Amino acid sequence: MILSPMIARDLVALGVADRVVGQSGTDYFSPPPQTAKAPVLSKENLTSTESILGASPDLVISDLAYRLDPAQKGASLDQLKQAGIQSYVAAAGCTANYTEGRFTDVFTDLENLGKIFGVHAKAKELTDKLKAEVADVERRVAGQPEVSVFEGTMYGDQFYPVVGIGLEALDMAGGKSMFPVVKDPNANISKEEITARDPQAFIFQSSYPRTVDQQKEAANIKATFPTTAAVRNNRIYSIGYFSSTLPGSAIETVASLRQVAQFLHPTVFQ
């Protein structure tokens, strides 16, 4: 069972998608066709222990540790273990690593999934392919001037800068975060402080990647930060939150890296 449909992207590439017996989080990320028929136990972020036990999986794979935290109304690891159900949390999604996760953690996950499912050769082939794509992006943006960016999420008048994998990916894509030392994913940066730092570009992460409306999102940002260089030069981009900054799918993470790099440095990708 998978606690985010995003995970399915890698399982499809590894040839083991037919083993998915349940999934959650479908309100936030569309499952690929290969797992679309797997029962949805929860459309939201968290899945109860009872729902998981009812699906009788051998293994539960999660992108984030908090989805398996009963304090957050997620499944209980102890109860799953007592039921003989194993669990795997993405390397960068572990509680200790979430804000300091490294981009290479997604390749660690591929290697581990290859071992778990007995498809080591496919995992290595996919890893090599994705690493080549990363190298291509880094080669293209090498030597390009860094673009100062505010990348993060917005909820009303609250703004949260990117951390962990997303922060490193921004650097790799030729950007420079305006808040690189923030470690708390719940740190709220004021609109006034963001405006004062005058970012050259905005990248906002949408919680609903299936329905990102670039024009609508941009209009909201323009109204919020009208005096910034990013708004004056119309350098505003929205990207799916779950695919751009969270662990779970190496394929999605690498694809998002290229999207951000293309937005920041379009000429080197023409």
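Residues numbered from 1 in each chain as written. Predicted model: local features only at pLDDT ≥ 70, side-chain atom pairs only at ≥ 80, totals over all residues. Heavy atoms only, no water.

Engineer: What's the story with the pattern of salt bridges in this structure? I'm lost.
Structural biologist: A side chain with one charge may pair with a side chain of the opposite charge, provided their charged atoms come close. Going through the model one piece at a time under the given rule, you end up with 9 salt bridges. Its salt-bridge partner being Glu 111, residue Lys 115 comes within 3.6 Å of it at the nearest N-O pair. Taken together, the residues Lys 115 and Glu 111, both in helix α4 (residues 105-117) and 4 residues apart, mark about one turn of the helix. Residue Arg 258 pairs with Asp 136 through a salt bridge whose shortest N-O separation is 2.7 Å. Pair noted here: Arg 258 is in helix α11 (residues 250-264) and Asp 136 is in helix α5 (residues 120-141), with a separation of 122 residues, a long-range link. Residue Arg 258 is classed as partly exposed on the basis of its relative accessible area of 23%. We classify Asp 136 as buried; its relative accessible area is 18%. What emerges from the salt-bridge pattern is a single network uniting Asp 136, Arg 139, Arg 140 and Arg 258. (Salt bridge = Lys/Arg side-chain N within 4 Å of Asp/Glu carboxyl O. Helix = DSSP H or I, 4+ residues; strand = E, 2+ residues; numbered from the N terminus. Buried < 20%, exposed > 50% of the residue type's maximum accessible area, 1.4 Å probe, protein only.)

Engineer: It is not clear to me how the packing of α5 against α11 should be interpreted in this structure. Could you clarify?
Structural biologist: The geometry of a pair of packed helices is captured by two quantities: the angle between their axes and the separation between those axes. Packing of α5 against α11 brings their axes to within 10 Å, and their N-to-C directions diverge by 15°. Comparing the axis directions of α5 and α11 gives the class roughly parallel. The handedness of the crossing between α5 and α11 is left-handed. When α5 is examined against α11, the residues Leu 126, Leu 130, Glu 133, Val 134, Asp 136, Val 137, Arg 140 and Val 141 are found in contact with a partner set consisting of Ala 250, Ile 251, Val 254, Leu 257, Arg 258 and Ala 261. (Axes fitted to C-alpha atoms, helices over the stretch in contact; angles between N-to-C directions. Parallel < 35°, antiparallel > 145°, perpendicular 65-115°, else oblique. Left-handed = near helix turned anticlockwise from the far one by under 90°. Contact = heavy atoms within 4.5 Å.)

Engineer: Explanation requested: the packing of aromatic side chains in the structure shown.
Structural biologist: Any two aromatic rings considered together are summarised by their centre-to-centre distance and by the angle between their planes. All told, the structure shown has 10 aromatic pairs when counted by the stated rule. Ring centres 6.3 Å apart and planes at 65° place the aromatic pair Phe 103 and Phe 107 in the edge-to-face group. The class of Phe 107 is buried, set by a relative accessible area of 10%. With 4.8 Å between their ring centres and 35° between their planes, Phe 202 and Phe 225 make a pair best called tilted. Here Phe 202, found in strand β8 (residues 201-206), pairs with Phe 225, found in the loop between α8 (214-224) and α9 (229-232); they are 23 residues apart in sequence, far enough to count as distant. Side by side, Phe 202 and Phe 225 carry an identical accessibility label, which is buried. An aromatic cluster is built from Phe 150, Phe 159, Phe 179, Phe 202, Phe 204 and Phe 225, whose rings are joined through pairwise contacts. (Phe/Tyr/Trp six-rings, centres within 6.5 Å; stacked < 30°, edge-to-face > 60°.)

Engineer: What should I look at first to understand the side chain of Ser 249 in this one?
Structural biologist: Of note, Ser 249 is situated in the loop between α10 (241-244) and α11. A residue is classified by how much of its surface remains accessible, and Ser 249, at 1% relative accessible area, is buried. If near-sequence neighbours (up to four positions away) are discounted, Ser 249 is found in contact with Met 6, Arg 9 and Asp 10.

Engineer: Which parts of the structure should I look at to understand the packing of helix α6 (residues 164-172) against α11?
Structural biologist: Running from N to C, α6 and α11 point in directions that differ by 45°, and their axes come no closer than 9 Å. Judged on the interaxial angle alone, α11 and α6 are oblique. The element α6 and its partner α11 pack so that their crossing is right-handed. Packed against α6, whose contacting residues are Ile 165, Ala 169, Leu 170 and Met 172, the element α11 presents Thr 253, Leu 257, Val 260 and Leu 264 at the interface. Looking at the contact of α6 with α11 residue by residue, the classes come out as 7 nonpolar, 1 polar and no charged. (Nonpolar A, V, L, I, M, F, W, Y, C, P; charged D, E, K, R; others polar.)

Engineer: Looking at this model, I keep getting lost on the pairing of strand β3 (residues 59-62). Mind explaining?
Structural biologist: Every other side chain in a regular strand lies on the same face of the sheet, so the side chains alternate between the two faces. Residues Leu 59 and Ile 61 point to one face of β3 and Val 60 and Ser 62 to the other, with burial holding for every one of them. Sheet analysis places β3 next to strand β4 (residues 86-89), joined by 4 bridges and oriented parallel. Following the sheet pairing, Val 60 is matched in β4 by Ser 87. Handedness of the crossover joining β3 and β4 through helix α3 (residues 77-82) is recorded here as right-handed. (Pairing = 2+ DSSP bridges. Right-handed = clockwise from strand over helix to strand, strands pointing away.)

Engineer: How should the pairing of strand β9 (residues 236-240) be read in this particular structure?
Structural biologist: By the criterion of burial, β9 is predominantly enclosed, with 5 of the 5 residues buried. Of the two faces of β9, the one lined by Ile 236, Ser 238 and Gly 240 and the one lined by Tyr 237 and Ile 239 are each fully buried.

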